[in-house]
Amino acid sequence: MRAVRLSEHGGTEVLGVTDVDRPEPGGHEILVEVAAAGVNPVDTYFRDGSYTPAGLPFTPGVDIAGTVAAVGEFVERFEAGDRVFGTGIGNGTFQGSYAEYATVPEDRIVELPDGVDLTEAGGAGVVAGTAWRALIDHANLDPAEYCLIHGGSGGVGHAAVQIADAVSARVLTTGSADYHDTLSELGAETVLDYSRDDLADAVLDASDGGVDVILDHRLDDYLQFDAEVAAESARVVGIGENDPDPGFTNSPGARAKDVCYQFMSMFNTPDLRVPLRGIAHLMEQGELSIEVARSYDLDEAGEAQRAVMEDSFMGKLVIEP
Ligand SMILES: NC(=O)c1ccc[n+]([C@@H]2O[C@H](COP(=O)([O-])OP(=O)(O)OC[C@H]3O[C@@H](n4cnc5c(N)ncnc54)[C@H](OP(=O)(O)O)[C@@H]3O)[C@@H](O)[C@H]2O)c1
């Protein structure tokens, strides 16, 4: 079968397609014929060596959707022909979905409801899983609360807008002007350009004086801002930053409102099947769609990983082997 492999860490040039043996599922594994594999920033961290996987060489890709081709001897919940999706990210991270077939531990995957598109599902795992963990598990977002999603056009952002809307929160989001209409259609009540000078005032105006929940993917840009626009007892969930030392100069502002800061990693998800089943349900109900901005072949994996870090797009990039 064809698979992307890398035998050393480095830039996108280390990603090449090669012929390898089709893997055999272990006792608690499923062999999936891959329909689509999401392209995530985390894939580039494994590629460049900032996150170290089990060892070299390896096939990248943590998100997966496809059809079960075979199951391990102890697997009871799945059989050949089932449509499934999931993500390997978590304790003992699974990799390998940039390939025609991949073996996945059975506890990283759930059944995909009829009618849900496999390509969309391939891009759902990390981004919708992160949005679910942040908003539902960590922030305990309630109906009618104001919820600010920074960068709503991104992978995590656009899933978060829809999940927040699905629980009847009042969604504010930021994004480039090109994406405002789509973000409104996805459920945002207020869409603001993140580059505007009066962004804090605009958020405060649109939220009756402060937001209850914030999902922040750029803590180095927004840590102080979050405290400024927070309502009393707001919950801020931080998922990422560009500068690993974001600093925090607004602790008096945060203290004055009893703001709760929660930083999270998908790696710590106790049971990935819980958020995955929630995501599957919302997709089946038509409340969550993954906007596939671009689809790539296996031999375009390097370009896809460049694009996920450098380009602007609405939604998600996927590889379809
Ligand atoms: N902690 C975790 O477990 C976890 C899980 C998943 C992701 N993450 C991290 O979360 C981040 C986002 O991931 P992703 O997959 O959603 O990436 P993505 O699809 O590339 O989205 C990033 C978004 O940020 C927007 N953006 C750029 N500059 C901005 C600014 N100044 N203010 C607000 N938004 C801005 C981009 O919009 P433009 O198109 O306008 O540039 C884009 O919509 C990454 O750093 C990733 O590593 C963490």
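Our subject in this report is the structure included herewith. (Residues numbered from 1 in each chain as written. Predicted model: local features only at pLDDT ≥ 70, side-chain atom pairs only at ≥ 80, totals over all residues. Heavy atoms only, no water.)

1. Overview of the pattern of salt bridges
1) Next: One pass over the structure, following the stated rule, counts 11 salt bridges.
2) Next: With its nearest N and O atoms 3.1 Å apart, the salt bridge here joins Arg273 to Asp271.
3) Next: Overall, Arg273 belongs to the partly exposed group, its relative accessible area being 23%.
4) Next: The shortest N-O distance in the salt bridge between Arg306 and Glu303 comes to 2.9 Å. Remark: Glu303 and Arg306 occur in helix H10 (residues 301–310); sequence separation between them is three residues, near one turn of the helix.
5) Next: Glu303 gets classed as partly exposed once you look at its relative accessible area, which sits at 36%.
6) Next: The network of salt bridges with shared partners includes Arg294, Glu303, Arg306, Glu310 and Asp311. (Salt bridge = Lys/Arg side-chain N within 4 Å of Asp/Glu carboxyl O. Buried < 20%, exposed > 50% of the residue type's maximum accessible area, 1.4 Å probe, protein only. Helix = DSSP H or I, 4+ residues; strand = E, 2+ residues; numbered from the N terminus.)

2. Some details on the sheet that holds strand S8 (residues 146–149)
The strands making up a sheet are joined through hydrogen bonds of the backbone, oriented either antiparallel or parallel.
1) Next: Pairing is parallel in the open sheet, where six strands are placed in the order S10-S9-S8-S11-S12-S13. Looking along the sheet, the strands with just one partner apiece sit at the ends: strand S10 (190–192) and strand S13 (260–263). Adjacent strand axes in the sheet meet at a mean angle of 15 degrees, parallel and antiparallel pairs treated alike.
2) Next: The pairing of strand S11 (residues 211–216) with strand S12 (residues 230–238) spans five bridges and is classified as parallel. What sits directly across from Asp216, in S12, is Gly238.
3) Next: Contacting S8, strand S9 (170–174), S10 and S11, helix H6 (residues 199–206) runs over the sheet at an angle of about 175 degrees to S10. (Pairing = 2+ DSSP bridges. Axes fitted to C-alpha atoms, helices over the stretch in contact; angles between N-to-C directions. Contact = heavy atoms within 4.5 Å.)

3. Quick notes on H10
1) Next: Of the positions making up H10, those classed as buried are Ala301, Gly302, Ala304, Gln305, Ala307 and Val308.
2) Next: Its buried side turned inward, H10 meets strand S1 (2–5), helix H1 (41–48), strand S14 (292–296) and strand S15 (316–319).

4. Quick word on the pairing of strand S5 (residues 83–87)
1) Next: Most of S5 is tucked away, with four of its five residues classed as buried.
2) Next: Sheet topology note: the strand S4 (residues 63–71)/S5 ladder contains five bridges and is antiparallel. Across the sheet, Ile64 pairs through a bridge with Gly86, a residue of S5.
3) Next: Inspection of the sheet shows S5 paired to strand S7 (residues 109–111) by three bridges, in the antiparallel sense. Counterpart to Gly86 in the pairing with S7 is Ile109.

5. As for the nonpolar core
1) Next: Phe85 and Leu135 are the most contacted members of the largest nonpolar core, which has 79 residues in total.
2) Next: The element that contributes the greatest number of residues to this core is helix H3 (residues 125–138), accounting for seven residues.
3) Next: Of the residues that make up this core, three or more belong to each of domain 1 (2–124 + 290–319) and domain 2 (127–267).
4) Next: Among residues more than four places away in sequence, those in contact with Phe85 are Ile64, Ala65, Arg108, Ile109, Val110, Glu111, Leu112, Ala121, Ala124, Leu276, Ile279 and Ala280.
5) Next: One finds Leu148, Leu199, Ala230 and Ala254 within the second-largest nonpolar core, a separate group that totals 20 residues. (Core = buried A, V, L, I, M, F, W, Y, C linked by side-chain atoms within 4.5 Å. Domains from an automatic or database assignment.)

6. Focus on a negative patch on the surface
1) Next: A cluster of acidic residues, Glu79, Glu111, Asp114 and Glu284, forms a negative patch at the surface.
2) Next: By the secondary structure assignment, Asp114 is in the loop between S7 and helix H2 (118–122). (Patch = residues over 30% accessible without salt bridge, like charges linked within 9 Å, V, L, I, M, F, W, Y side chains within 5 Å. Areas by Shrake-Rupley, 256 points an atom, 1.4 Å probe, with all protein chains shown as cover. Lys, Arg positive; Asp, Glu negative; His and termini not counted. Charge placed at Lys NZ, Arg CZ, Asp CG, Glu CD.)

7. Some thoughts on the site of the ligand
1) Next: Surveying the vicinity of the ligand reveals 24 residues, the closest of which are Tyr45, Ser176, Tyr194, Tyr222 and Ser312.
2) Next: Between an oxygen atom of the ligand and a side-chain N or O atom of His217, the distance comes to 2.8 Å.
3) Next: Side-chain polar atom of Tyr222 to a nitrogen atom of the ligand: 2.5 Å apart, as the coordinates give it.
4) Next: If the ligand stood free it would expose 930 Å²; the protein chains cover 83% of that surface. (Near = heavy atom within 4 Å. Polar contact = N/O pair within 3.5 Å; in protein donor to acceptor, adjacent residues only side chain to side chain.)

8. Digging into the packing of H1 against H10
1) Next: Packing of H1 against H10 leaves a shortest axis separation of 9 Å and a crossing angle of 115 degrees. Between H1 and H10 the crossing geometry is left-handed. Contact with H1, carried on its side by Pro41, Asp43, Thr44, Tyr45 and Arg47, involves Gln305, Val308 and Met309 of H10 and no other residues of that element.
2) Next: Of the residues in the contact of H1 with H10, the class split is four nonpolar, two polar and two charged. (Left-handed = near helix turned anticlockwise from the far one by under 90°. Nonpolar A, V, L, I, M, F, W, Y, C, P; charged D, E, K, R; others polar.)

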